[in-house]
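Examining the three-dimensional arrangement
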Amino acid sequence: MVLAVSVEMKKAARVATIVLATVAGSSLITACQNDPDIDITKLAAETDPPDVLYNQGLANLNAGKTTEAARKFEAIDRQHPFSEYARKALVMNAFVAYRNGQYQEAINASSRYLNLYPQSEDAAYAQYIQGLAYTKQIPAVTQDQKPAMKAIEAMQAVVDKYPESEYVDDAQAKIRFARDQLAGKEMQVGRYYLERKEYLAAISRFRVVVEQYSNTNQVEEALARLVEAYYAMGVTAEAQTAAAVLGHNYPDSKWYAGSYKLLQSGGLEPRESGTSWIARAGKKLIGA
């Protein structure tokens, strides 16, 4: 009799356990359904295998659903951090952030990727995305050009570290653009000083352009402005040298025409002085 009672008690205990588990599970589901901050479809999605989540992310990306794609890639990072798909998802997250105009997030994701996987097959792409994100933030020349310097640094890393990658040509183009912006900033400040007859301050800015940004679109004007500033100061030898270098490298330039006319108004003509810093810098110009 005692044995029978014991068996019945064990059965009852097992039933009670099942009932309690069922009730608890039902309560959890009900709570999730009633809580507006919990999306049970998302909870289910995050438990999918990493390859499934990754393919879903790509499908959403191809469909233009970038927010949903980002959610899939982030789920891999959280739920499967040590998988191969976590590595792939991280670089895709950087791309999606860039596509969405979230440039700092793209920079952060690409930096994290490069720190974790510097020798991986996608490292060049991550570095390139970082450069693109900085390039997109380059403002007008009237504003601070720190993003331009960051863009040059990031894109130069593409060129130096991954010279065989498919991103090198565009990286070099972005570097030229950013350098032109930096030169443009120097010109903007130089013109400001020139208009106020602060000639030495103006010359220092134009000199930076000629010596440091000789392969930009700003050089012609910089040389012409040097002619103008030196002529106004009465330093005619330097003014003539600047005009000579300008004419030698850009003979058809409107800036050369203006500089030539200015010198002629004072009975002078372009003439290069071999001792001038302008003559030395002129040998490195594009047209030299």
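It should be noted that the structure appears before, not after, this text.
Quick look at the structure, then. (Residues numbered from 1 in each chain as written. Predicted model: local features only at pLDDT ≥ 70, side-chain atom pairs only at ≥ 80, totals over all residues. Heavy atoms only, no water.)

Another point: the overall build of the protein chain. Tallying secondary structure elements over the protein chain gives 14 helices and 0 strands in all. The order of helices and strands in the protein chain, counted from the N terminus, is α-α-α-α-α-α-α-α-α-α-α-α-α-α. For the protein chain, with 288 residues in total, the buried portion stands at 42%. (Helix = DSSP H or I, 4+ residues; strand = E, 2+ residues; numbered from the N terminus. Buried < 20%, exposed > 50% of the residue type's maximum accessible area, 1.4 Å probe, protein only.)

Where helix H7 (residues 123-135) contacts helix H9 (residues 168-195), the two axes come as close as 11 Å, and the packing angle between them is 25 degrees. Taken together, the axes of H7 and H9 lie roughly parallel to each other. Note that H7 runs across H9; the crossing there is left-handed. Within the contact between the two elements, H7 uses Tyr128, Leu132 and Thr135 and H9 uses Asp170, Lys174 and Phe177. When the residues that make up the contact of H7 with H9 are grouped by side-chain class, the tally is 3 nonpolar, 1 polar and 2 charged. (Axes fitted to C-alpha atoms, helices over the stretch in contact; angles between N-to-C directions. Parallel < 35°, antiparallel > 145°, perpendicular 65-115°, else oblique. Left-handed = near helix turned anticlockwise from the far one by under 90°. Contact = heavy atoms within 4.5 Å. Nonpolar A, V, L, I, M, F, W, Y, C, P; charged D, E, K, R; others polar.)

On to the layout of surface pockets, then. There is about 250 Å³ of room inside the largest pocket. Looking at the largest pocket, it is lined by 15 residues, and the ones nearest its centre are Glu74, Asn93, Ala97, Gln102 and Glu105. Elements with a minimum of two residues in the lining of the largest pocket: helix H4 (66-79), helix H5 (84-99) and helix H6 (103-116). Sort the elements by how many residues they give to the lining of the largest pocket and H4 lands first, with 5 residues. (1 Å grid on protein atoms, 1.4 Å probe; cavity = no way out; pocket = protein on both sides within 12 Å on 5 of 7 lines; lining within 4 Å. Points joined across faces, edges and corners; volume = space filled by probe spheres on them.)

The next thing to look at is the nonpolar core. Judged by nonpolar contacts, the single largest core of 76 residues is most densely connected at Phe73, Leu223 and Leu226. Considering every element that reaches this core, the biggest residue donor is H5, with 10 residues. With residues up to four places along the chain from it excluded, the contact list for Leu226 reads Ile203, Phe206, Val210, Ala242 and Trp277. (Core = buried A, V, L, I, M, F, W, Y, C linked by side-chain atoms within 4.5 Å.)

Counted under the stated rule, the structure contains 9 aromatic pairs. Taking the centre distance of 5.5 Å and the plane angle of 55 degrees together, the rings of Tyr54 and Tyr85 count as tilted. Here Tyr54, found in helix H3 (residues 50-62), pairs with Tyr85, found in helix H5; they are 31 residues apart in sequence, far enough to count as distant. Consider the rings of Tyr98 and Tyr103, whose centres lie 5.9 Å apart with planes at 50 degrees: the pair is tilted. Of the residues examined, Tyr98 reaches a relative accessible area of 17% and is grouped as buried. (Phe/Tyr/Trp six-rings, centres within 6.5 Å; stacked < 30°, edge-to-face > 60°.)

Spanning 13 residues, H3 covers 18 Å between terminal C-alpha atoms, matching the ideal 18 Å at 1.5 Å per step. Within the sequence span of H3, burial applies to Pro50, Leu53, Tyr54, Gly57, Asn60 and Leu61. The buried residues of H3 occupy one face: seen down the axis, they fall within an arc of 125 degrees. Positive phi shows up at Gly64, right after H3, with a value of about 85 degrees. (Expected span 1.5 Å × (residues − 1). Arc of directions from axis to C-beta.)

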